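Read off the chains here:
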Amino acid sequence: MTETKSSPETDSGRQSSPVVLFANGKSGSNRAKKYLKLHSDSLNLKTNLGKVELTIADLQNPEDREKGIQEIKSLLETFQKFKVVVAGGDGSLIWVIEELLKHQLDISLIEFGILPFGTGNDLAAMLGWGRKPPKKLIGKNLSHLVKYAESWLQAEAKPLDIWQISIEVEETGHFEKITAENGHYKREHFKFESDSDLKVYSRLMTNYFSVGLDARIGVGFDKRRTTSKIFNRMIYCWEGFKKIFCLPNTRVPEITSTFYEDSSCIFNNSSTDKRLPEKTSVFLALNSRTYAGGDNFIWDAASPGEGENTWQEQSPRDGKLEFVIFKGEFDLGLEQIIAGRAQKLLQSQGPFTLNFNELPENRRVYMQIDGEYFYAVKPKRIVINLSEISEKVQVLVKD
């Protein structure tokens, strides 16, 4: 017989709700650092919905992150359900989930929340938590933090599709990204622990994945990224101007060969009837409704292409992924002003395989996963599957 887990109660008999908050102080504007000033073993917050026992952990600090994970491990032995909230960018949520999976913890008993402290915050916005944190995070006598805690208790837990992206390069290929600190940047190869170049890069995705011009702009943006959202937009626009007008553009049909949904060929760039439009600049997979911090619903507004009568409404929990293309260099920038510049390509459950042409050693292919920009040299193929953890992940949705 399975033992029923109990929920501790306060002295007044009202149920006590544990919440573990991971704060990523390096996300976006770095404002999540304010939560770390409250750092203690536990904060007891009295809300109108009962007592909340809040544990705060620093996601960037390995030792402190481990303490937070051990707290979760302890709670899993006591509670049927509890909440883990991440104050950071959208990628911070996946970071926490991956850390818990490494420790072989049962994430099906956890309801995950995300607070918008990143740059784009598309996932947080889609789940109802907005694009930016409130001006007052803590408040006098923790009053604003208490209101936030109440909203976590009131939120509804819903499933979220998590996709697995696996990118493979040739034996002579590698992956690189830009890291910047104190105004200086450097290029870093993706490495194994043995210090050899990674040949297969796998990551979980919640929002979007792309190949093309947008990722190339993003790599340039990463060199100069600041903590100011206004300055970041200016930098992104400047990088876009440079990449479009001042440098030669690599179009998607030049670097990709075929794209398959299971065994069905969606495009073949060596044929005449299934070839992508010649000037296609971006190949984009969408799980979220918005992209790169924009307010437009890309899929909803995109032109129908050849499947005008078959497209369905987009959902982040239907087991389907939506694919669109941007047919020219200017369409990507114009999408932020006038919705509808993208063209629908595919809506399906997958699995999906994107194959690349044989490319020169010096040709970089730019990509991004959930706003993490990087490039591959000598890419071979990309495989996208719905991750098996999608059956377990529950996220907090605010009305």
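Owing to the predicted nature of the structure, the values given are computational and were not obtained by experimental measurement.

### Describing the side chain of Asn207
No. 1: Along the chain, Asn207 turns up in the loop between strand E9 (200-205) and strand E10 (208-212).
No. 2: Within polar-contact distance, the side chain of Asn207 engages the side chain of Asp90 at 2.8 Å.
No. 3: In contact with Asn207, not counting residues within four places along its chain, are Asp90, Asp122, Leu123, Ala285, Leu286, Asn287, Ser288 and Asp370.

### Some points on the packing of aromatic side chains
No. 1: Applying the stated criterion across every chain yields a total of 19 aromatic pairs.
No. 2: Here Phe190 and Tyr201 contribute two aromatic rings whose centre-to-centre distance is 4.8 Å and whose plane-to-plane angle is 65 degrees, an arrangement assigned as edge-to-face. Here Phe190 is found in the loop between strand E8 (184-189) and E9, whereas its partner Tyr201 is found in strand E9, with eleven residues between them in sequence. Here Phe190 and Tyr201 have matching classes, each one buried.
No. 3: Aromatic side chains Phe323 and Phe352 sit 4.7 Å apart centroid to centroid with 65 degrees between the ring planes, which places their arrangement in the edge-to-face category. Of this pair, Phe323 sits in strand E14 (residues 321-326) while Phe352 sits in strand E16 (residues 352-356), placing them 29 residues apart in sequence. Considered together, Phe323 and Phe352 belong to a single accessibility category, that of buried residues.
No. 4: Grouping aromatic residues by their ring pairs yields a cluster made of Trp163, Phe259, Phe267, Phe283, Phe323 and Phe352.
No. 5: We note Arg289 situated over the ring of Phe297; from NZ or CZ to the ring centre the distance is 4.1 Å.
No. 6: A cation sits over an aromatic face here: Lys344 above Trp299, 4.7 Å from the ring centre.

### What to know about the pattern of salt bridges
No. 1: Scanning the model with the defined rule gives eleven salt bridges in all.
No. 2: Arg131 is the partner of Asp122 in a salt bridge, and the nearest nitrogen-oxygen pair spans 3.3 Å. As far as burial versus exposure is concerned, Asp122 and Arg131 are alike and both buried.
No. 3: With a shortest N-O distance of 2.6 Å, Arg203 and Glu372 are connected by a salt bridge. One end of the pair, Arg203, is in strand E9; the other, Glu372, is in strand E18 (residues 372-386), with 169 residues separating them in the sequence.
No. 4: In this structure, a network of salt bridges that share partners links the residues Glu168, Lys380 and Arg381.

### Notes on the sheet that holds strand E3 (residues 50-58)
No. 1: One open sheet holds the seven strands; their spatial order is E2-E3-E1-E4-E5-E19-E6, and the pairing between them is mixed. Two strands in the sheet have a free side with no partner beyond their single neighbour: strand E2 (43-47) and strand E6 (156-159). Between one strand and the next, the sheet's axes are offset by a mean angle of 35 degrees, whatever the strand orientation.
No. 2: Running over the sheet, helix H2 (residues 62-76) touches strand E1 (16-23), E3, strand E4 (82-88) and strand E5 (110-116) and is turned about 155 degrees from E1.
No. 3: With respect to the sheet, helix H3 (residues 90-102) is in contact with E1, E4, E5 and strand E19 (394-397), its orientation differing from that of E5 by roughly 150 degrees.

### Brief notes about the nonpolar core
No. 1: Ranked by internal contacts, the top residues of the largest apolar core, which has 59 residues, are Tyr35, Leu54, Ile72, Phe112, Trp129 and Trp152.
No. 2: A per-element tally of this core places helix H5 (residues 143-154) first, with six residues.

### Brief notes about H5
No. 1: Under the 1.5 Å per step criterion, the end-to-end length of H5 is 17 Å for twelve residues, consistent within 8% with the ideal 16 Å.
No. 2: Among all positions in H5, only Leu145, Val146, Tyr148, Ala149, Glu150, Ser151, Trp152 and Leu153 are buried.

### Quick look at H2
No. 1: Over its 15 residues, H2 extends 21 Å from the first C-alpha to the last, a length consistent with the 21 Å expected when each residue adds 1.5 Å.
No. 2: Taken together, the buried positions of H2 are Asp64, Arg65, Gly68, Ile69, Ile72, Leu75 and Leu76. Taken down its axis, H2 places every buried residue within 145 degrees of arc, on the same side. Residues of H2 that are exposed and point more than 90 degrees away from the buried face comprise Glu63 and Lys67.
No. 3: On its buried face, H2 is in contact with E1, E3, E4, H3 and E5.
No. 4: One side-chain oxygen at the N-terminal end of H2 lies 3.0 Å from the backbone nitrogen of Glu63; it belongs to Asn61.

### Comments concerning the side chain of Glu111
No. 1: Relative to the assigned elements, Glu111 resides in strand E5.
No. 2: Overall, Glu111 belongs to the buried group, its relative accessible area being 14%.
No. 3: Within the structure, Glu111 has its side chain in polar contact with the side chain of Lys83 (distance 3.0 Å).
No. 4: Beyond its immediate chain neighbours, meaning those up to four positions away, Glu111 contacts Lys81, Phe82, Lys83, Val84, Ala157, Gln394 and Leu396.

### Re the pairing of E16
No. 1: With respect to burial, E16 is a largely interior element, four of its five residues being buried.
No. 2: Alignment of strand E11 (residues 256-261) against E16, held across five bridges, turns out to be antiparallel. From the neighbouring strand, Glu261 faces E16, where its bridge partner is Phe352.
No. 3: Both E16 and E18 contribute to a ladder of four bridges, which runs antiparallel. Note that in E18 the partner of Asn355 across the bridge is Arg381.

Cut-offs and rules
- Residues numbered from 1 in each chain as written.
- Predicted model: local features only at pLDDT ≥ 70, side-chain atom pairs only at ≥ 80, totals over all residues.
- Heavy atoms only, no water.
- Helix = DSSP H or I, 4+ residues; strand = E, 2+ residues; numbered from the N terminus.
- Polar contact = N/O pair within 3.5 Å; in protein donor to acceptor, adjacent residues only side chain to side chain.
- Contact = heavy atoms within 4.5 Å.
- Phe/Tyr/Trp six-rings, centres within 6.5 Å; stacked < 30°, edge-to-face > 60°.
- Buried < 20%, exposed > 50% of the residue type's maximum accessible area, 1.4 Å probe, protein only.
- Lys NZ or Arg CZ within 6 Å of the ring centre and 35° of its normal.
- Salt bridge = Lys/Arg side-chain N within 4 Å of Asp/Glu carboxyl O.
- Pairing = 2+ DSSP bridges.
- Axes fitted to C-alpha atoms, helices over the stretch in contact; angles between N-to-C directions.
- Core = buried A, V, L, I, M, F, W, Y, C linked by side-chain atoms within 4.5 Å.
- Expected span 1.5 Å × (residues − 1).
- Arc of directions from axis to C-beta.

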